[in-house]
There are 6 protein chains.
Amino acid sequence: MVKIRVIAPVVATPLVAVVFEQYLAAARSDTEMSLATLDKGPPSIECRYDEALAVPDVVAKIVQAEQDGMDAVIVDCMGDPGVEAAREMVSIPVIGPAETSMHVASMLGHRFSVVTVVDSLIPAFDHHAIKTGLTGQLTSVRTVNIPVLELDDHARLLGALVDQSVRAIREDGAHVIILGCTGMAGMAIAVEEGLKKESITDVPVIDPTTLAVKVAEALADMGLSHSKRTYPPPPEKEIVGY
Amino acid sequence: MVKIRVIAPVVATPLVAVVFEQYLAAARSDTEMSLATLDKGPPSIECRYDEALAVPDVVAKIVQAEQDGMDAVIVDCMGDPGVEAAREMVSIPVIGPAETSMHVASMLGHRFSVVTVVDSLIPAFDHHAIKTGLTGQLTSVRTVNIPVLELDDHARLLGALVDQSVRAIREDGAHVIILGCTGMAGMAIAVEEGLKKESITDVPVIDPTTLAVKVAEALADMGLSHSKRTYPPPPEKEIVGY
Amino acid sequence: MVKIRVIAPVVATPLVAVVFEQYLAAARSDTEMSLATLDKGPPSIECRYDEALAVPDVVAKIVQAEQDGMDAVIVDCMGDPGVEAAREMVSIPVIGPAETSMHVASMLGHRFSVVTVVDSLIPAFDHHAIKTGLTGQLTSVRTVNIPVLELDDHARLLGALVDQSVRAIREDGAHVIILGCTGMAGMAIAVEEGLKKESITDVPVIDPTTLAVKVAEALADMGLSHSKRTYPPPPEKEIVGY
Amino acid sequence: MVKIRVIAPVVATPLVAVVFEQYLAAARSDTEMSLATLDKGPPSIECRYDEALAVPDVVAKIVQAEQDGMDAVIVDCMGDPGVEAAREMVSIPVIGPAETSMHVASMLGHRFSVVTVVDSLIPAFDHHAIKTGLTGQLTSVRTVNIPVLELDDHARLLGALVDQSVRAIREDGAHVIILGCTGMAGMAIAVEEGLKKESITDVPVIDPTTLAVKVAEALADMGLSHSKRTYPPPPEKEIVGY
Amino acid sequence: MVKIRVIAPVVATPLVAVVFEQYLAAARSDTEMSLATLDKGPPSIECRYDEALAVPDVVAKIVQAEQDGMDAVIVDCMGDPGVEAAREMVSIPVIGPAETSMHVASMLGHRFSVVTVVDSLIPAFDHHAIKTGLTGQLTSVRTVNIPVLELDDHARLLGALVDQSVRAIREDGAHVIILGCTGMAGMAIAVEEGLKKESITDVPVIDPTTLAVKVAEALADMGLSHSKRTYPPPPEKEIVGY
Amino acid sequence: MVKIRVIAPVVATPLVAVVFEQYLAAARSDTEMSLATLDKGPPSIECRYDEALAVPDVVAKIVQAEQDGMDAVIVDCMGDPGVEAAREMVSIPVIGPAETSMHVASMLGHRFSVVTVVDSLIPAFDHHAIKTGLTGQLTSVRTVNIPVLELDDHARLLGALVDQSVRAIREDGAHVIILGCTGMAGMAIAVEEGLKKESITDVPVIDPTTLAVKVAEALADMGLSHSKRTYPPPPEKEIVGY
């Protein structure tokens, strides 16, 4: 049995609970899923400032998860906030859905596009691609121009996701689509259906939440985790205020 | 339940059966594993010529696997021979262990090295890195200088693997090691033990066979496969001699 | 005197004979040209699967060419199928027209485009550019959307070639055009004429068949061939079915 | 007159005061320098975890600096912690010494090396180079293996800096040296002197603290700051605990 | 006090004097600016041939500048003609505005565009980006299609600059604009004003002449110059005709 | 019949005449070779300053060559001085041996090294690789540390060339060697002989002079030249002093 904790890098909101349903749906029957939200932090992650204020508690919650016996954690945000700092503090795998999705999209097809929420996140996705070495595969980052906290209007979201995916495929040459916000969890199949109505039946759509669960399970199965040579334990010292 | 077929891109040899034990050991209890070997092809893959002669029957065996109801196939060779041609012919995931290992190694640490069998394979691994975009992460390809068909001398192989891994870590700055031949299957833990004797405890060692099974299971669980836009079905036409 | 054999990676078809005329026309008066077609393989190369099934006999025909005293061989296809495997088996130069054209186009101008037959070949050309390091110079791959075996409709082909070349130049910034299929052999001058009617007189059009002959002659003149350190002779072993 | 505030991303320590002397020494006579230290955070930055806990208060101090009428701020650490988040919150230039040093080193010579404190920072410098696009210019990251809080042993530090700089130049081909920790402030000239004793008189040594002041003054003179299109103001929302 | 000489790589023209006013305006009150024009060379730099004929006298004028006690020189052209040769001959900083602008633009935002005079300069700007490693940041080179010697029609120039800048931002994703000819000196603020009328208020516009002065002052303040390991003094020998 | 002129970018020296013998030896029997040396310029090219002073007369001599009816010109120097400026002024191919050698070396093997004369040329070769996109293939630039004008000591030169080539192959992983100065013309076979004594028989050695003749002949045969879109004719204007 594998124990995975999803760390929402935000304080508790209704959206978090909705998204967690998708994590549950993705897990194997013998995987035990749990959820943690932040005590301190923003209600959504839409910029680097949000990330900066979320990260200290994200790391604390990941440290707690390891102490609670988790086999892996997933940070529930396509900014992958705090994953590098947390990997220094724990030995279990810390999954960032953006990084993971980009690697798997690269395995599945020639070029991929990300369809995310708002324009201000475009540089962040470009930086993910630069860091992973996958700039040649990332053909575009497109946005539905809907703020995170309005993602619960599913009809509007779905329409925009399909529209931008069609453009990514036809105009930018995308062969794979990545949903660019974990708040879009559970919509991959509906987007594929929408693409079919546009006569596009040959492009897989990656839901990063589902993928994160599968990769967490796989790493836990193998007992494989991040290199501590890349993420060595921080030196002991007093940190004021924490 | 997931059904995975391992396609050994060689005619049946004792080594194939030994390696298949490792694939079996890596599978989940509810995964059904099967093995296919070639009717036509070389007894081992050590160069591009070997690959070229193996590929037609590799593709045929993968087509057969899909007809037999498999959910995914793994090509049992770090040259990933035939995976691109086969992806055009089937809709199930076709896993190449080299490509998969490089992506996962990149997720786990800053830089990785491959330790493979013979020097003549170095350009092929460099090409895998170039194709995947991961040249910045591949810090070296090192070799044990043991031909594939002598890999059954495990003591000699283990000694050489540990020695080259230590050099990759100390001299080339590797943070993750990939075993560079599926014929080394099952040796990752022993290599990690050997590294410990050299006081290196912070470098994960990836066994590509185990990893391939886990990724095949994960993709099958998700119903996710390669983009048919990248790998469209070949046009119908008569092919002489096949 | 230089002896060059063109290896058509297909079984004998009328198109092969037509294209060979262009190879003949490109050769110096003291160059002896010959042609080989496959006994086993597809009638045209339009995907990786076609390539996979062509390659074993391509390599066999190249081995035969060396035994017949050839000074160089050219594989008559912009997929360069089998050139790497064959270079392991022989010591004479094995020319792939795609690789050669991309290098020479890079010498002649700032950015080049390839105009090829069908969309499914786009990833393959991107991969050629990635492998050669010339991704920065390849500004686009465009297609005429005409299958290989319909290339004999020269008027339709020419119109589409000119149209796509104009777009490559005006929209993508191409400074050099490469004809992307050896089945377009002999049309470079007509395309340049067509560009002139569109007031474009400053863009050279490369015919890869002509170029391949010139490079083969040049390498043969110099006694220069591929590095056997990159392409070492395969180890001796029994290969079943070949 | 230009007003610059140095933001030490640590709580007040004796080293901070020593380093601030160097910032003062670098400023023009008509530049007004001030210093802020953190209320909450680590005493030194040696890993990503330290950075993560420093960043929220770094950003707060930079927001305060703008409110206090500063023309520019410098984050006093070669990890550039918090500079991206802070740029979203203010309109004045936020200088990261690592990013700045790498760009200027690239202007001054063909290849540069960074000589920093400890091995665990190597991936962070590699990431700075990747993000800035300057991986081709960064020829090595070397370390003196002295923790930040022991940098006050100047004789030991100087010896190690010269030794590693010589190796960077002779073995790695460095043409420019960047001091890789702001705690090394003020030692560039002594390192150049040390290089002279090794007969190396042609390699400039960049002190990132001095450079950061000069670039801050220059940007303030020009009224030039970061693009708000890259760093748009965060959306208004309640953030719990801040 | 810092002494800077601007080297116009052209024979004296009215435009040179106009542009020099902008250099003067950018300098600190305690900076002494002077101007040199060529005795031999073209009246404007619009191609590599112009550059080739300008360079010998550019280098001579820079050698003279060092003999005259200058602390730094600026070559007044976005082709940076002669800067590398001159750096071999002198020890003071030799500023090329193109190289400098690209590095600073990369510090200020995610992606930048250059808006220059004529299409024939596009490859040269691409080459600057390739040489500096900043190809990933250069999102487009656009042109106003006005020859250098007609740049004195300021209204026409300004309209075209704003128009192309808007396109660079909206169509190419530019976050920073670089004026691509030193003959556009002094127009950055007017372009920013023009962008505001198009509702674009978040994109800084870099004037390379102003920037070059600021960087020259900064380097002179620090006593920092180019690496003589990259630019060693030429060996002594007789050069005919010079 | 093809007419090729070799442009030595230096004033007449004995070495030029010796090297021209090698050009003659490389030409086909029906190729007419001629030689031009400079009226104004240095006696050898060892730095960018030498290049800068050579280029104006190099371009003039190339313009003369076209007027004299030449079909192609070769600039006899591995710095390729003046080739870009000259391509703007003429319509015939202008061959730079460095650029040409790097492209052809990339066709022949996995990685190449350049063995040149002195360390100060290393950045220039790195820049050639950067410009051509071939940095991934250039594994090292090594030097014999012999100034150009002492290259006539053939025994010393040969010993050093073999020694550095062996190191390039064994230590840097080179699969192809390029002689890095046209003053080494005619020594490729002797270097290959020297490598054989070190048991290295699988690495081709490229003589750039021979190669330049072959490529010039090939381009002339095809009537193919540089893109005038990359190298448009300079605008008409008076240039003072030329």
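The text that follows walks through the structure, step by step, so that each part is easy to find. Quick caveat: nothing in here was measured; it's all calculated off a predicted structure.

So, on to the overall build of chain A. Counting secondary structure elements, chain A contains eight helices and eight strands. Taken over C-alpha atoms, the radius of gyration comes to 17 Å for chain A, in line with the 18 Å a tight globule of 242 residues would show. Summarising its shape, the C-alpha atoms of chain A cover approximately 55 × 35 × 35 Å along the three principal directions. Split into buried and exposed, the 242 residues of chain A put 66% on the buried side. For chain A, long-range pairs separated by at least 24 residues make up 74% of all intrachain contacts whose partners lie at least 6 apart in sequence. Put simply, chain A shows about 7900 Å² of open surface, and 49% of that area lies on carbon and sulfur atoms. Charge separation in chain A, taken as the distance between the mean sites of 19 positive and 33 negative side-chain charges, equals 4 Å.

The next thing to look at is the pattern of salt bridges. Counting across every chain of the model gives 132 salt bridges over all chains. Linking Lys61 of chain B and Asp57 of chain B is a salt bridge whose minimum nitrogen-to-oxygen distance equals 3.0 Å. Of this pair, Lys61 of chain B and Asp57 of chain B both sit in helix α2 (residues 48–67), four residues apart, which is roughly one turn of the helix. The residues Lys61 of chain B and Asp57 of chain B share a single accessibility class, namely buried. Bridged by salt links that share partners, the residues Arg28, Asp30, Lys214, Glu217 and Asp221 of chain A together with Arg28, Asp30, Lys214, Glu217 and Asp221 of chain B form one connected network.

Turning to the interface of chain F and chain E, a few remarks are in order. Opposite the 38 residues of chain F that make contact, chain E presents 38 residues. Regarding the contact of chain F and chain E, the summed buried area is about 3300 Å², with carbon and sulfur atoms giving 67% of it. The largest contributions to the chain F side of the interface with chain E come from Arg48, Tyr49 and Lys237 of chain F, which together make up 19% of the buried area. Counting every contact that joins chain F to chain E gives eight salt bridges.

Quick look at the interface of chain E and chain D now. On the chain D side, the residues contacting the 41 residues of chain E number 41 residues. Carbon and sulfur atoms supply 63% of the area that chain E and chain D bury against each other, a total of about 3100 Å² over both sides. Of all residues in chain E, Met107, Leu108 and Arg229 of chain E give up the largest surface area on contact with chain D, accounting jointly for 24% of the area buried on that side. Applying the counting criterion to the chain E and chain D interface returns four salt bridges. Between Asp202 of chain E and Arg229 of chain D there is a salt bridge; the shortest N-O distance is 3.1 Å. Viewed at the interface, chain D and chain E are joined by 21 residue pairs in polar contact (both at pLDDT 80 or more). Among the secondary structure elements, those contributing two or more residues to the side of chain E that touches chain D are α4 (97–108), α5 (122–132), β8 (205–206) and α8 (208–222) of chain E. If one sorts the elements of the side of chain E that touches chain D by residue count, α8 of chain E sits on top with eight residues.

Relative to the assigned elements, His110 of chain F resides in the loop between α4 (97–108) and β5 (112–116). According to the relative accessible area criterion, His110 of chain F is buried, its value standing at 10%. The spacing of His110 of chain F and Gly241 of chain F is 131 residues in sequence and 48 Å in space, taken between C-alpha atoms. In this view, His110 of chain F contacts Pro123, Asp126 and His127 of chain B, Thr230 of chain C together with Gln137 and His175 of chain F; residues no more than four positions away in its chain are not counted. Within the local environment of His110 of chain F, its side chain forms a polar contact with the side chain of Asp126 of chain B, the two groups lying 2.6 Å apart.

Cut-off values and rules
Within each chain, residue numbers correspond to sequence positions counted from 1 in written order. Throughout, the order in which chains and ligands are written sets their labels, letters from A for the former and numbers from 1 for the latter. It should be noted that, the model being predicted, local features are given only for residues of pLDDT at least 70 and side-chain atom pairs only at 80 or more, the latter also being counted only at that level, while totals for whole chains, interfaces and linings use all residues. With hydrogens and water excluded, all non-hydrogen atoms of the structure serve as input to the side-chain values. Each helix corresponds to a stretch of at least 4 residues labelled H or I by DSSP, and each strand to a stretch of at least 2 residues labelled E; elements are numbered beginning at the N terminus. Here the globule rule reads 2.2 Å times residues to the power 0.38, and the radius of gyration is calculated from C-alpha atoms. Whether a residue is buried, partly exposed or exposed follows from its accessible area with a 1.4 Å probe, protein chains only, as a fraction of its type maximum: under 20%, in between, or over 50%, in that order. Contacts are assigned to residue pairs with any non-hydrogen atoms lying within 4.5 Å of each other. Surface accessibility in these figures is a Shrake-Rupley result with a 1.4 Å probe; residues are shielded only by whichever protein chains are displayed. His residues and chain termini do not enter the charge count, which takes Lys and Arg as positive and Asp and Glu as negative. Note on charges: their place is set at NZ of Lys, CZ of Arg, CG of Asp or CD of Glu. By definition here, a salt bridge exists when the distance from a side-chain nitrogen of Lys or Arg to a carboxyl oxygen of Asp or Glu is within 4 Å. Simply put, the buried area is the total loss of 1.4 Å probe accessible area from both parts when two parts are fitted together. Here a polar contact is recorded for every N or O atom pair within 3.5 Å, except that within protein the pair must consist of a potential hydrogen donor and a potential acceptor, and residues adjacent in sequence are included only if both atoms are side-chain atoms.

The values are spatial; any link to function lies outside them.
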